[in-house]
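Structure assessment
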Amino acid sequence: MDLLTANDHAGEYPRSYYADNATPLPPFAPAQGALSCDVCVIGGGFTGLSAALHLAERGYDVILLEAQRVGFGASGRNGGQVGMGQRLDQDTLEGMVGTTAARALWDMALDSVALTRELAQTHAPEAGFKEGIIHAAHKAKYVADAHVYAEKLARDYNYDQIRPLDRAQLQELLKSPAYYGGDIDMGAGHLDPLRYALGLARAVQAAGVRIFEGSRVTSLTTSDPAIVKTENAVITARYVALGCNGYLGNLAPAVAARVMPINNYIAATRPLTESERANVMPSDHAVADTKFVVNYFRFSPDNRLLFGGTESYGYRFPADIAGKVRRPMAQIFPQLADINLTHAWGGTLGISFNRMPHFARLAGNILSASGYSGHGVAMGTLGGKLLAEAISGQAERFDLMAQVPTPAFPGGASLRWPLLVAAMLWFSLRDRL
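The text that follows walks through the structure, step by step, so that each part is easy to find. From a predicted model like this one, the values you see are computed outputs, not experimental measurements.

**Some remarks on the overall build of the protein**
Per the secondary structure count, the protein includes 13 helices and 17 strands. Relative to the compact-globule value of 22 Å for 433 residues, the protein shows a C-alpha radius of gyration of 21 Å, a close match. Taken over the C-alpha atoms alone, the protein extends approximately 60 × 45 × 45 Å along its principal axes. Scored against the burial criterion, the 433 residues of the protein give a buried share of 59%. Taking the intrachain contacts of the protein between residues at least 6 apart in sequence as the baseline, contacts between residues at least 24 apart amount to 75%. Working note: accessible area of the protein is about 16,700 Å², and carbon and sulfur atoms make up 53% of it. One way to put it: in the protein the 38 positive side-chain charges average out to a point 5 Å from where the 40 negative ones average out.

**Quick look at the packing of helix H4 (residues 99–123) against helix H11 (residues 376–391)**
Where H4 contacts H11, the axes come no closer than 8 Å and their chain directions differ by 95°. In this view, H4 runs roughly perpendicular relative to H11, as classed from their interaxial angle. Side by side, H4 and H11 meet where Met 108, Ala 109, Asp 111, Ser 112, Val 113, Leu 115, Thr 116 and Leu 119 of the first sit next to Val 377, Ala 378, Met 379, Thr 381, Leu 382, Lys 385 and Leu 386 of the second. Its residues placed into classes, the contact of H4 with H11 shows ten nonpolar, three polar and two charged.

**Some details on the nonpolar core**
Counting 84 residues, the largest nonpolar core has Val 41, Leu 49, Leu 55, Leu 191, Tyr 196, Val 209 and Ile 391 as its most contacted members. Setting aside its immediate chain neighbours within four residues, Leu 55 contacts Val 39, Val 41, Tyr 60, Val 62, Ala 388 and Ile 391. Counting residues in hydrophobic clusters, the runner-up holds 27 residues, among them Leu 174, Phe 297, Leu 305 and Met 329.

**Concerning helix H10 (residues 321–332)**
Across its twelve residues, H10 extends 18 Å between first and last C-alpha, which sits within 8% of the 16 Å expected from 1.5 Å per residue. Within the span of H10, buried status applies to Ile 321, Gly 323, Val 325, Pro 328, Met 329, Ala 330 and Ile 332. Looking at the packing, one finds that the buried side of H10 touches strand E11 (259–269), strand E12 (286–289), strand E13 (296–299), strand E14 (305–309) and strand E15 (341–352).

**Side note on the state of the cysteines**
Linking two cysteines covalently via their sulfur atoms produces the bond known as a disulfide. Tallied over the entire structure, the rule returns zero disulfides. Sulfur of Cys 40: no disulfide; nearest cysteine sulfur belongs to Cys 37 and is 5.1 Å away. Residue Cys 40 is classed as buried on the basis of its relative accessible area, which comes to 0%. In this model Cys 244 remains outside any disulfide bridge; the closest cysteine sulfur is found in Cys 40, 9.8 Å from its own. A relative accessible area of 14% places Cys 244 in the buried class.

**What about the pairing of strand E8 (residues 217–221)?**
Each regular strand carries side chains that alternate between the two faces of the sheet. When E8 meets strand E9 (residues 226–230), the two strands line up antiparallel, connected through four bridges. Residue pairing across strands places Thr 221 opposite Ile 227, the latter belonging to E9. What sits between the antiparallel neighbours E8 and E9 is a turn of four residues.

**A short note on the pairing of strand E16 (residues 358–363)**
As defined by bridge partners, E16 adjoins strand E17 (residues 366–370) across five bridges and the pair is classed as antiparallel. For Ala 360, the partnering residue across the bridge sits in E17 and is Ser 368. Hairpin remark: E16 followed by E17, antiparallel, with two residues in the connecting loop.

**Digging into the packing of aromatic side chains**
For the coordinates displayed, the defined rule picks out eleven aromatic pairs. Both rings, one in Phe 353 and one in Phe 409, keep their centres 5.7 Å apart while their planes meet at 90°; by these two values the pair is edge-to-face. Of this pair, Phe 353 sits in the loop between E15 and E16 while Phe 409 sits in the loop between helix H12 (396–403) and helix H13 (412–432), placing them 56 residues apart in sequence. Look at Phe 409 and you get buried, because its relative accessible area is 5%. An aromatic cluster is defined as three or more aromatic residues linked by ring pairs; in this entry it consists of Tyr 17, Tyr 18 and Trp 345. If you follow Arg 167 out to its NZ or CZ, it ends over the ring of Tyr 180, 4.4 Å from the centre.

**Digging into the side chain of Ser 176**
Mapped onto the secondary structure, Ser 176 falls in the loop between helix H6 (167–173) and strand E6 (182–190). Given the relative accessible area of 2%, Ser 176 is considered buried. Looking at Ser 176, its side chain comes within polar contact range of the main-chain nitrogen of Ala 178, at 3.1 Å. Among the polar contacts listed, one links the side chain of Ser 176 to the backbone oxygen of Ile 332, at a separation of 2.6 Å. Residues within four places of Ser 176 in sequence aside, it is in contact with Gln 171, Ile 332 and Phe 333.

**Re unusual backbone geometry**
Following Asp 224, the chain continues into Pro 225 via a peptide bond in cis, with omega recorded as 5°. Structurally, the position occupied by Pro 225 is in the loop between E8 and E9. Unusually for a residue other than glycine, Asn 158 sits at a positive phi of about 55°. By the element assignment, Asn 158 lies in the loop between helix H5 (141–157) and strand E5 (162–165). On the basis of relative accessibility, which here comes to 63%, the residue Asn 158 falls in the exposed class. Residues other than glycine seldom take positive phi values, yet Asn 245 does so here, at roughly 55°. Residue class for Asn 245 comes out buried when judged on its relative accessible area of 18%.

About the cut-offs
- Residues numbered from 1 in each chain as written.
- Predicted model: local features only at pLDDT ≥ 70, side-chain atom pairs only at ≥ 80, totals over all residues.
- Heavy atoms only, no water.
- Helix = DSSP H or I, 4+ residues; strand = E, 2+ residues; numbered from the N terminus.
- Rg over C-alpha atoms; globule rule 2.2 N^0.38 Å.
- Buried < 20%, exposed > 50% of the residue type's maximum accessible area, 1.4 Å probe, protein only.
- Contact = heavy atoms within 4.5 Å.
- Areas by Shrake-Rupley, 256 points an atom, 1.4 Å probe, with all protein chains shown as cover.
- Lys, Arg positive; Asp, Glu negative; His and termini not counted.
- Charge placed at Lys NZ, Arg CZ, Asp CG, Glu CD.
- Axes fitted to C-alpha atoms, helices over the stretch in contact; angles between N-to-C directions.
- Parallel < 35°, antiparallel > 145°, perpendicular 65-115°, else oblique.
- Nonpolar A, V, L, I, M, F, W, Y, C, P; charged D, E, K, R; others polar.
- Core = buried A, V, L, I, M, F, W, Y, C linked by side-chain atoms within 4.5 Å.
- Expected span 1.5 Å × (residues − 1).
- Disulfide = S-S within 2.5 Å.
- Pairing = 2+ DSSP bridges.
- Phe/Tyr/Trp six-rings, centres within 6.5 Å; stacked < 30°, edge-to-face > 60°.
- Lys NZ or Arg CZ within 6 Å of the ring centre and 35° of its normal.
- Polar contact = N/O pair within 3.5 Å; in protein donor to acceptor, adjacent residues only side chain to side chain.

Put into structure tokens, the structure is as follows:
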């Protein structure tokens, strides 16, 4: 199935709260004819835009190819959470790669948030970066785990931005009967993701990058220079940087075996009154809970609750996205069970088997970064910078990410979907028990 068109219209941003409140750039023309460049970046999301910007700032001649529109995919549709840390916790990473490498991965995570904040404030102040993510425990036994982990980060990583919360303290910030406590991380944050992506695109264009939209890549030939073909263009490039994530398709089979697309959904309520909001979440932080199928939410500047989560077992979006999202929202906030939902939309992201990003050199001059597994606002932004560093000869951080194990899905690309469905059903059942 062609995920670029299965649920969306060619050349159009899907209707969402973000799209209705953003100012898109005038469309960029499709690539035409014979073109050449130092680096061809494939994908106009956070990774591709960040890579193009950092490469241009280093003096490279860059072409960026986007099959739809810049920020069209998960980068322009997600929950906007700029999460701290890697997708796996430091305890797990220490066991996986050792304490030295785990510390380096933590330092990169710190850099990813700082970089996202800096780029947003410089190029997309309208994205409204705000501090604070609450981690809400949906089971009482997870509260102690959260508090122990906060102590570990303070002790072993000198990170003092997390404050443990008991149930009463959480209730002051979040008026829900569904949670037992957790923590709040003031080093993390949230923003409007589409406005951020569009701000990056404006910066990329101003830096001299040639952006082509409506330019689906049909083939990638490993050679020196590499050959990238679209329907109407042939691009020769010294280097190629792939930032396709959930929309990779069959362009790079070695990546597709380790990064697979899944869908996720968000709905926006009508604007709440100040008294209604005070009875839901008086704080201006984002929230992510401890369920395997994570519920995540935050308020928009005009007091709409933007609520995301819920799983989907098929590549097509469900007919009633609003109804699908309303169910978990009503469980967490019974006071909003009947509220009007003005927007509901879906998006396709890329996940890896162990939920760590997949960085890879597919050839000496072809590199890929993807598989952020719902942690891509900050890590996708940093991933683009790491691609630029590696291409310019400073590959230490890219190579460290590439050394983190990201196993292929059992059964490869052909059987990964039914196996994932079985696993997600099991985890979904576990969340409910």
